[in-house]
Amino acid sequence: MKARISNPLSHALLALCITQSGQALANQAGASDPSSQAGGFLKIGYGYKFEQTPYHDEKNGAAMFLSGRYQFDFGLYLEASHGANELDLGNSLGFNFYNTEHWNFDLHAMQAHGETVMEFVFGVDDIPMQSYRMDRDETHMLGLRASGQYGQTSLQFIVAPYSFNEDYDDALFGSAWVAHTWQIKNWELYASLGANFRSSEIINHYYSTSSEIVDLGIPRLAAYDADYGVDVIGQIGLNYPVSRDLLFESYYRYTDVSDSIADSPVMKLFSDLDGRSDNVTEVGMLMSYVF
Amino acid sequence: MLYKLLLSVCLVSAPTVRANNEPLKPVMILSPAQCVAIHQGQDCYVDIKLSWQMPTPGEYCLFSSIRVEPLKCWQKASAGQLKREIVSSENVRFILRRPTSQEPLATQELELAWVYKKNARARSSWRMF
């Protein structure tokens, strides 16, 4: 099974983010109002990454990282999240409509689940007799995001009740995060803890056993009706500014995949493969160039 | 006659010889000249080495823009050196002057830089989803 994040919209958003971030940062002097939300950054990194997950074979080697954000003066923003210190949930688009001293409120469209491809090959004595492939497009959802900042502590909440996925309408995605940073000389140590909620409609869409496979009568792939699921994610990291443009980053992230996903017959099958695991572990060390 | 001619040549050329051995103006060297923090507004930590040299020996004190009292003073000295950790969230100006005078004799500036500009979302370097 492969979980990929790629489609024309993502590429377009990423390209726009890159070009607009570069232009915006070149004109940074214009956004001198300290209360202005306009502006952004673009960060491209290269380094080492280890990743063990039920979604694909273990990765252990060189990797590219990219993240960025840009907000226009009128409130529209673009975000690309393929970086080191974040979940790989692709690109986001939104509108920042209200701000207080400590909080930002956005109308936020984001990726609630990545694209998945499941390929099953059935056979006897290593002789393949039947194959089956199940593709699921990524799910983008629309909702509200609230981001708070109190000193070195950050909070973020998302509630997204509207799905752009044509296969289902009623779905709910939510997330809650808390994070804190500590400065030790010029080093930055941070820790974050979060939870992602996905309603049963989302879980069933990606992890239920399709009728075609259930009809095969394979005991390990019986019918499965999932409940809602909550992933819990913990992350720690250490960063250091090498120069004005170069940032050393390192991180460790662990995701406890929800029981609703882990108990799925298809997920049990894939997580038993060599190089895979029930939960997600990611470690990275890289140098990033920040525009 | 030849002796007087040689003596005149020596007297005329002496100031040039003296200018090659002594500095004509104050010198101050700061290393490093920049401190980098991750976020704008954060305190930046840097171990600096500051060297100075003056044309004439005397009493000199080194001041910085982040504290009132001098960092160090020297008595009957024409050169000095300071090694110290500096912590600041803004540019720091170092000034060498006599303790009884406000006139700066030599100055250097430690420039602060940062990776992320300050805005309300600056901490989105590690987005959370």
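Data block above holds the structure.
Residues numbered from 1 in each chain as written. Chains lettered and ligands numbered in written order. Predicted model: local features only at pLDDT ≥ 70, side-chain atom pairs only at ≥ 80, totals over all residues.

Caption draft 1: Representation of the overall build of chain A in the model. Helices and strands together make up the secondary structure of chain A, namely five helices and 15 strands. Looking at chain A as a whole, 35% of its 291 residues qualify as buried. Long-range contacts, defined here as pairs at least 24 residues apart, represent 58% of the contacts in chain A between residues at least 6 apart. (Helix = DSSP H or I, 4+ residues; strand = E, 2+ residues; numbered from the N terminus. Buried ≥ 20, exposed ≤ 12 C-beta atoms within 10 Å, placed from the backbone. Contact = placed C-beta atoms within 7 Å.)

Caption draft 2: The arrangement of the sheet that holds strand E11 (residues 170-184) of chain A in detail. Residues and elements named next belong to chain A. Pairing is antiparallel around the closed barrel formed by twelve strands, whose spatial order is E2-E3-E4-E5-E6-E9-E10-E11-E12-E13-E14-E15. Averaged over all neighbouring strand pairs, the angle between strand axes comes to 20 degrees, with direction disregarded. Taken together, the nine bridges between strand E9 (residues 139-150) and strand E10 (residues 153-163) define a ladder with antiparallel strand orientation. Considered in E10, the bridge of leucine 142 is made with tyrosine 162. Strands in contact with helix H2 (residues 200-207) are strand E6 (103-113), E9, E11, strand E12 (187-198) and strand E13 (229-241); relative to E11, the strand with the most contacts, it is inclined by about 95 degrees. (Pairing = 2+ DSSP bridges. Axes fitted to C-alpha atoms, helices over the stretch in contact; angles between N-to-C directions.)

Caption draft 3: A look at the pairing of E13(A). All names here are of chain A. Residues Gly229, Asp231, Ile233, Gln235, Gly237, Asn239 and Pro241 of E13 are buried on one face, while the alternating residues Val230, Val232, Gly234, Ile236, Leu238 and Tyr240, pointing to the opposite face, are not. As defined by bridge partners, E12 adjoins E13 across eleven bridges and the pair is classed as antiparallel. By the bridge assignment for E13, alanine 195 is matched with valine 232. In sequence, E13 turns back onto strand E14 (residues 246-256) through a hairpin of four residues.

Caption draft 4: Representation of the nonpolar core. Cys35(B), Val36(B), Ala37(B), Cys44(B), Trp114(B), Val115(B) and Tyr116(B) are the most contacted members of the largest nonpolar core, which has 25 residues in total. Ranked by the residues each element gives to this core, the list is headed by strand E3 (residues 44-64) of chain B, at eight residues. Excluding its chain neighbours within four sequence positions, the residues that come into contact with Cys35(B) are Cys44(B), Val46(B), Leu110(B) and Leu112(B). By size, the runner-up hydrophobic cluster in this structure holds 19 residues, among which are Met141(A), Ala171(A), Ile203(A) and Ile261(A). (Core = buried A, V, L, I, M, F, W, Y, C linked by C-beta atoms within 7 Å.)

Caption draft 5: Looking closely at the environment of Asp135(A). Looking at where Asp135(A) falls in the secondary structure, it is placed in strand E8 (residues 127-136). Sequence separation of Asp135(A) and Met118(A) is 17 residues, and the distance between their C-alpha atoms is 6.4 Å.

Caption draft 6: Spatial organisation of the environment of Arg276(A). Residues and elements named next belong to chain A. By the element assignment, arginine 276 lies in the loop between helix H5 (265-271) and strand E15 (280-290). Taking the C-beta count within 10 Å as the criterion, arginine 276 has 18 such neighbours and is therefore assigned partly exposed. Considered as a pair, arginine 276 and threonine 53 are 223 residues apart in the sequence and their alpha carbons are 5.4 Å apart.

That is the geometry; function is a separate question.
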